[in-house]
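Next come the chains, spelled out residue by residue.
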Amino acid sequence: MAKNFNSVSFTILVLVLMMASTGILKTKALPGVECPVGSGCLDPSKRVFLDECGPAPFLGTDLDCCKCCTAKYGSPPVCFAVVEGTDLHCHCYQNKP
C-alpha cells in the first residue's frame with residue numbers, strides 16, 4: 001500500500017511541476033482599472049479613449065495610471081485607466097456619450 005501511495009504522490013508531483021513549467025497554471029488578469037470602482041467602464045463597448053497621461057514610457061501600474069488620469073482630467077469624465085501598448089502609455093478612458 002505504501003509503495004502505491006508513493007508512486008501516486010510522485011506522479012502527481014511530476015504532473016504539477018510539468019504544468020507549472022509549461023505555463024498551464026498561469027492566469028492573466030484583465031488589464032486596467034475602473035476609476036472609480038463601479039463607474040461602469042469595465043465593458044470595453046461602454047468606454048472611449050479620452051487622452052494619455054504621464055510620461056512615456058509610463059513605468060507605474062494601472063492604479064498609478066488611474067491616479068494620474070483622475071488628477072489630470074477629473075472623475076468624471078475619467079472612468080477607466082490602463083497602461084497599454086508596446087511603448088507603455090497610460091491611457092485614460094471615459095464613458096461613451
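Residues numbered from 1 in each chain as written. Predicted model: local features only at pLDDT ≥ 70, side-chain atom pairs only at ≥ 80, totals over all residues. Heavy atoms only, no water.

Our next topic: the packing of aromatic side chains. Think of a pair of aromatic rings as described by two things: how far the centres are apart, and how the planes are tilted against each other in angle. Under the criterion given, the structure shown has two aromatic pairs. Aromatic side chains Phe49 and Tyr93 sit 5.8 Å apart centroid to centroid with 80° between the ring planes, which places their arrangement in the edge-to-face category. Taken together, the residues span a long stretch of sequence, with Phe49 in strand β2 (residues 47-53) and Tyr93 in strand β4 (residues 89-95) at a distance of 44 residues. Their ring planes at 70° and their centres at 6.0 Å tell us that Phe80 and Tyr93 sit as a pair that is edge-to-face. Remark: Tyr93 occurs in strand β4 and Phe80 occurs in strand β3 (residues 78-84); sequence separation between them is 13 residues. For the residue pair Phe80 and Tyr93, the accessibility class agrees, reading buried in each case. Here the basic side chain of Arg47 rests over the ring of Phe80, its NZ or CZ set 3.7 Å away from the ring centre. Note that Arg47 overlies the ring of Tyr93, its terminal NZ or CZ placed 5.5 Å from the centroid. (Phe/Tyr/Trp six-rings, centres within 6.5 Å; stacked < 30°, edge-to-face > 60°. Helix = DSSP H or I, 4+ residues; strand = E, 2+ residues; numbered from the N terminus. Buried < 20%, exposed > 50% of the residue type's maximum accessible area, 1.4 Å probe, protein only. Lys NZ or Arg CZ within 6 Å of the ring centre and 35° of its normal.)

Another point: the pairing of β3. With six of seven residues buried, β3 is to be regarded as a mostly interior element. With two bridges joining them, strand β1 (residues 33-34) and β3 adopt antiparallel strand pairing. Looking across to β3, one finds that Val33 is bridged to Ala81. By the bridge criterion, six bridges tie β3 to β4 in an arrangement that is antiparallel. Each bridged residue has a counterpart across the sheet, and for Val83 the counterpart in β4 is Cys90. (Pairing = 2+ DSSP bridges.)

Under the definition given, this model contains five disulfides. The disulfide that involves Cys35 links it to Cys66, with 2.0 Å between the sulfurs. Of this pair, Cys35 sits in the loop between β1 and β2 while Cys66 sits in helix α2 (residues 62-73); the two residues are 31 residues apart in sequence, bridging distant segments of the chain. Accessibility assignment for this pair places Cys35 and Cys66 in one class, buried. Paired by a disulfide, Cys53 and Cys68 hold their sulfur atoms 1.9 Å apart. Here the disulfide of Cys53 and Cys68 is left-handed, its torsion about the S-S bond being about -85°. You can see Cys53 sitting in strand β2 and its partner Cys68 sitting in helix α2, a full 15 residues away along the chain. Each member of the pair, Cys53 as well as Cys68, is classed as buried. (Disulfide = S-S within 2.5 Å.)

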